[in-house]
Amino acid sequence: MSVLLARLGLIVAAVAALLTGLLGMRAPVARVPASLVALRAKPDSSVARLSAESLAVVVREDPFRVERRPSPVAYDPLRPSVGPEPTAPPVPKPVLTLSGIVWGEEPSAVIEGLPGTEGPRVVHMGESFGTLRIRRLMPTQVVITGMDTAWTLSVKESWR
């Protein structure tokens, strides 16, 4: 019996909510004064003049551009809109190979793959090749930095 009463109560509440919503949709949201309705129905010359003056101010001040100048690109609705200018593809990072290290008073290394050079190149600590710089020379490794990367190269041991 209580389940039947609960269902009946839910149905009555749903119908009441539906009727309230329908009646609320028929009533105006806000009362509009008659003076504004008349102004909207019959435009006054002062309102038209104010709009023209406002438009002149907007065109003269150009509030949407920081530079307060017209766009350098003329608007053309037929031209397809494109994003920013295409940029050059990023320069690929070189494949560096350490062929050998000569250890002594002034250590040097033989490195292949340096940008702007063909074949192996003898390098010393502190030298730069484009954006790459030889940072450290150790008995078995060389550290090269540049292009947002740090390479730690070890001597390749082809005899093993």
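Residues numbered from 1 in each chain as written. Predicted model: local features only at pLDDT ≥ 70, side-chain atom pairs only at ≥ 80, totals over all residues. Heavy atoms only, no water.

(A) How the structure looks around the overall build of the protein. Within the protein one finds three helices and seven strands. Each helix (α) and strand (β) of the protein, taken in turn from the N terminus, gives the series α-α-α-β-β-β-β-β-β-β. Taking the contacts inside the protein whose residues are at least 6 apart along the sequence as the reference set, 29% of them involve residues at least 24 apart. For the protein, the accessible area works out to roughly 13500 Å², and carbon and sulfur atoms hold 63% of it. (Helix = DSSP H or I, 4+ residues; strand = E, 2+ residues; numbered from the N terminus. Contact = heavy atoms within 4.5 Å. Areas by Shrake-Rupley, 256 points an atom, 1.4 Å probe, with all protein chains shown as cover.)

(B) Quick peek at unusual backbone geometry. At Met-147, a residue that is not glycine, the phi angle is positive and equals roughly 55°. In this fold, Met-147 is placed in the loop between β6 (141–146) and β7 (149–154). For Met-147, a relative accessible area of 24% gives the class partly exposed. Phi angles above zero are rare outside glycine, and Asp-148 is one such case at about 60°. The topology assignment puts Asp-148 in the loop between β6 and β7. For Asp-148, a relative accessible area of 82% translates into the label exposed. (Buried < 20%, exposed > 50% of the residue type's maximum accessible area, 1.4 Å probe, protein only.)

(C) Fine view of the side chain of Ser-108. Here Ser-108 shows up in strand β2 (residues 108–112). Excluding anything up to four places from it in sequence, Ser-108 contacts Ile-101, Val-102, Val-122, Val-123, His-124 and Leu-137.

(D) Seen up close, the sheet that holds β7. Read from one edge to the other, the open sheet built from four strands follows the order β4-β5-β6-β7, with strand pairing classed as antiparallel. In this open sheet, the two strands that pair with only one neighbour each are β4 (128–129) and β7. In this structure, strand β5 (residues 132–137) lies alongside β6, joined through four bridges in antiparallel fashion. By the bridge assignment, Arg-136 is partnered in β6 with Val-143. (Pairing = 2+ DSSP bridges.)

(E) Region of the structure containing the pairing of β5. Two elements, β4 and β5, share two bridges in a ladder whose sense is antiparallel. The partner of Ser-128 across the bridge, within β5, is Arg-133. With antiparallel pairing between neighbouring strands as the criterion, β4 and β5 make up a hairpin whose turn holds two residues, including Gly-130 at a positive phi of roughly 70°. The antiparallel pairing of β5 with β6 creates a hairpin that spans three residues between the two strands.

(F) Expanded view of the sheet that holds strand β3 (residues 120–124). Read from one edge of the open sheet, three strands run β1-β2-β3, paired in antiparallel fashion. Whereas interior strands pair on both sides, the edge strands pair on one side only; in this sheet they are β1 (97–102) and β3. Taking the axes of each pair of neighbouring strands and ignoring which way they run, one obtains an average angle of 25° across the sheet. In the sheet, β2 pairs with β3 via five bridges, with the strands oriented antiparallel. Each residue of the ladder has a partner; that of Ala-109, found in β3, is Val-123. (Axes fitted to C-alpha atoms, helices over the stretch in contact; angles between N-to-C directions.)

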